[in-house]
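Below are the chains, spelled out letter by letter.
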Amino acid sequence: MPTPTESRTAPLTYDEVERAAGRIGGLVRPVTVVPAARAGGPEVFLALEFLQYTGSFKARGARNFLRAHQEAGTLPEAGVTIASGGNAGLACAWAAREQGVRATVFLPATAPKVKVDRLRGYGADVRLVGSEYAQALAACEEFAAGSGALASHAYDHPLIAAGAGTLLEEIRRAVPGLGTVVVSVGGGGLFAGVAAAARHHGVRTVAVEPENCRALNAALEAGGPVDVPVDSVAADSLGARRASVAAVRAAREEGTHSVLVPDSAIVRARRELWDTHRVVVEHAAATAYAALAAPGAKAYAAPGERVCVVLCGANTDPADLAG
C-alpha cells in the first residue's frame, strides 16, 4: 500500500474508485438526489451529501482509507492521525470509532466550535494548533513521526479521493443522462475522485472555488501546485493552501472547468438554498451552488442540460439563517 507521500504523485484511476465502492458498500449512506430545476435554465439536481455520516462526503474517503489499511494489516496500535479544517477530522474520528481505532485530530484554533465538539463526541483526541490548516498539518506530521500513528490526509491520498469518487456512481444512477456534476474544491480530494469517475462516463466536472481560496485555479495558471493565501467565508472547509497533484492533473483533462466565485455569491447561494429549498449547508457546499449563477455558467450548465450540484457538507451553525 502506498505511503501518503508516494500517493501524492500517483494519478487516480477509475479502477480505484470501483474498488472503493466495493470496500465501503453498506458502510456509508447512499446519497439522496432531489430536483431543484430553475425556470428556463438547466435541469438542476441537488446531491444531498450533507446527509452522509458525520455531515459531509468525507466519510466515504475515511472509511475507504481505514478499511484498506485494515485489510492490509497496516493499522498500528497508535491509531490514526489527521489534520483537518473540521470535516475530514470528523470523518476520520467516526471511521476510527467504527473500527475500534484511536484517532488524534489536529485542527486550526479557528475551527468552528460545532466541529470541535462533535469530534470530541466521537472520542477523538482533539489538538488545536495555529490559525490555518497548514499549521495543523505540520503538527500532525510531527506527531505521526514521533508516535507511529498512521497518517491520514484530508484530501491528498488516492484512498481518500477514490472513496469520495464513489459519490458520482450513485448520482449517475439517480440522474440518468447526467451531463455535468458541480463540486466545491479545497485541496481537491472530492474533485479528483469525482472527476476520475465522471471522465470514465463522459460526464463534465466543474470545480468551484472561492476567489480568495483558489489553490486549484492557481495551480492551473502556474503549471503545478503552488501555495496560495487563504481568505474566504468558506475557508474553514475550503482553506487548503495547496491543491493535490491528482486534482491538478484531473483539472487539465478535457471535460473539466475551473470556476471562481466571490464570497458575496457564496453567502447569497447559501441563503437561497435555505429560502428556496429549506436546506442548511455550510459555506463550502454553497460555493458549488453559487457556480450556477456565475458568469459563463452556460458553458457547463446550458438550458435543458442535466446538472447535479453536490452539497458536500452541513457542519455549520444555522443561526445566521434565522429570520
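Every chain begins its residue count from 1, and numbering advances along the sequence as written. Under the rules for a predicted model, residues below a pLDDT of 70 receive no local features and side-chain atom pairs below 80 are neither given nor counted, while totals for whole chains, interfaces and linings still include all residues. As a rule here, side-chain values come from all non-hydrogen atoms in the structure, and water together with hydrogens is ignored.

1. Examining the nonpolar core
Here comes step 1: By nonpolar core is meant a set of buried Ala, Val, Leu, Ile, Met, Phe, Trp, Tyr and Cys residues that side-chain atoms within 4.5 Å join together. Relative accessibility under 20% of the residue-type maximum defines a buried residue, over 50% an exposed one, and the middle range a partly exposed one, all with a 1.4 Å probe and only protein chains included. Ranked by size, the top nonpolar core spans 74 residues in total, and within it Ile171, Phe191 and Leu311 carry the most contacts.
Here comes step 2: The secondary structure listing takes helices from DSSP runs of H or I that are at least 4 residues long and strands from runs of E that are at least 2 residues long, numbered from the N terminus. In terms of residues, this core owes the most to one element, helix H8 (residues 189-201), which gives eight residues.
Here comes step 3: Discounting residues that sit within four places of it in the chain, Leu311 has contacts with Leu46, Ala47, Leu48, Glu49, Phe50, Leu273, Val279, Val281, Ala285 and Tyr289.
Here comes step 4: Formed by 40 residues, the second largest nonpolar core is a distinct cluster that contains Ala91, Val101, Val126 and Ile160. The contact criterion used throughout is that any non-hydrogen atoms of two residues lie within 4.5 Å.

2. With respect to the side chain of Asn217
Here comes step 1: Within the fold, Asn217 resides in helix H9 (residues 215-222).
Here comes step 2: When its relative accessible area of 13% is taken as the criterion, Asn217 is described as buried.
Here comes step 3: Within the structure, Asn217 has its side chain in polar contact with the side chain of Arg214 (distance 2.6 Å).
Here comes step 4: Sequence-distant contacts of Asn217, that is, excluding residues within four places in its chain, are made with Glu209, Ser258 and Leu260. Polar contacts, as used here, are pairs of N or O atoms within 3.5 Å; protein pairs need one atom able to donate a hydrogen and one able to accept it. Residues neighboring in sequence count only if both atoms are side-chain atoms.

3. Section: the environment of Ser184
Here comes step 1: With respect to the element layout, Ser184 can be found in strand S7 (residues 180-184).
Here comes step 2: By relative accessible area, Ser184 is classed as buried at 4%.
Here comes step 3: It is 8.2 Å that separates the C-alpha atoms of Ser184 and Ala286, two residues lying 102 residues apart in sequence.
Here comes step 4: If we ignore the near neighbours within four places in the chain, the residues touching Ser184 are Leu190, Val208, Leu238, Ala284, Ala285, Thr287, Ala288 and Cys312.
Here comes step 5: Of note is the side chain of Ser184, whose polar atom sits 2.5 Å from the backbone oxygen of Ala284.

4. Here's the deal with the sheet that holds strand S8 (residues 204-210)
The strands that make up a sheet are held in pairs by hydrogen bonds between backbone atoms, and each pair lies either parallel or antiparallel.
Here comes step 1: Strand order in the open sheet made by the six strands is S1-S2-S10-S7-S8-S9, with mixed pairing throughout. In this open sheet, the two edge strands, each paired with only one partner strand, are strand S1 (33-35) and strand S9 (256-261). Shown here is a sheet whose adjacent strand axes are inclined to one another by a mean of 25°, direction ignored.
Here comes step 2: We treat two strands as partners when DSSP finds at least two bridges between them. Pairing geometry for strand S2 (residues 43-47) and strand S10 (residues 306-310), over five bridges, is parallel. Each residue of the ladder has a partner; that of Glu43, found in S10, is Arg306.
Here comes step 3: Together, S1, S2, S7 and S10 form the strand contacts of helix H7 (residues 158-174), whose direction differs from that of S10 by roughly 140°.
Here comes step 4: Helix-sheet contacts for helix H12 (residues 263-277) involve S2, S8 and S9, and the interaxial angle to S9 is about 95°. Axis definition: a line fitted to C-alpha atoms, limited for helices to the stretch in contact. Angles are taken between N-to-C directions and run from 0 to 180 degrees.

5. Side note on the layout of surface pockets
It is a probe the size of a water molecule, rolled over the atoms, that shows where empty space is left.
Here comes step 1: As a volume, the largest pocket reaches approximately 510 Å³.
Here comes step 2: Ala235, Asp236, Ser237, Leu238 and Gly239 are the residues nearest the centre of the largest pocket, which is lined by 37 residues in total.
Here comes step 3: Elements represented by at least two residues in the lining of the largest pocket include exactly helix H4 (87-98), H8 and helix H10 (235-238).
Here comes step 4: Top element by residues in the lining of the largest pocket is H10. It accounts for four residues.
Here comes step 5: Ten residues, namely Ala, Val, Leu, Ile, Met, Phe, Trp, Tyr, Cys and Pro, are considered nonpolar, four, namely Asp, Glu, Lys and Arg, are considered charged, and the remaining ones, Gly among them, are considered polar. A class-by-class count of the residues in the lining of the largest pocket yields 17 nonpolar, 15 polar and five charged. Points on a 1 Å grid, built from protein atoms alone, make a cavity when a 1.4 Å probe fits but cannot get out and make a pocket when they are open with protein on both sides within 12 Å along at least 5 of 7 lines; residues with an atom within 4 Å of a point are the lining residues. Grid points are joined across faces, edges and corners, and a volume is the space filled by probe spheres set on the points.

6. Section: the environment of Gln52
Here comes step 1: Among the secondary structure elements, Gln52 is positioned in the loop between S2 and helix H3 (58-72).
Here comes step 2: If sequence neighbours within four positions are ignored, Gln52 has contacts with Val28, Arg29, Ala59 and Arg60.
Here comes step 3: Polar side-chain contacts of Gln52 include one of 2.8 Å to the backbone oxygen of Arg29.

7. A closer look at the side chain of Glu282
Here comes step 1: Within the secondary structure, Glu282 is located in the loop between H12 and helix H13 (283-290).
Here comes step 2: In this structure the side chain of Glu282 is engaged in a polar contact, spanning 3.1 Å, whose partner is the side chain of Asn87.
Here comes step 3: Here the side chain of Glu282 touches Ala314 through a polar contact of 3.3 Å, landing on its backbone nitrogen.

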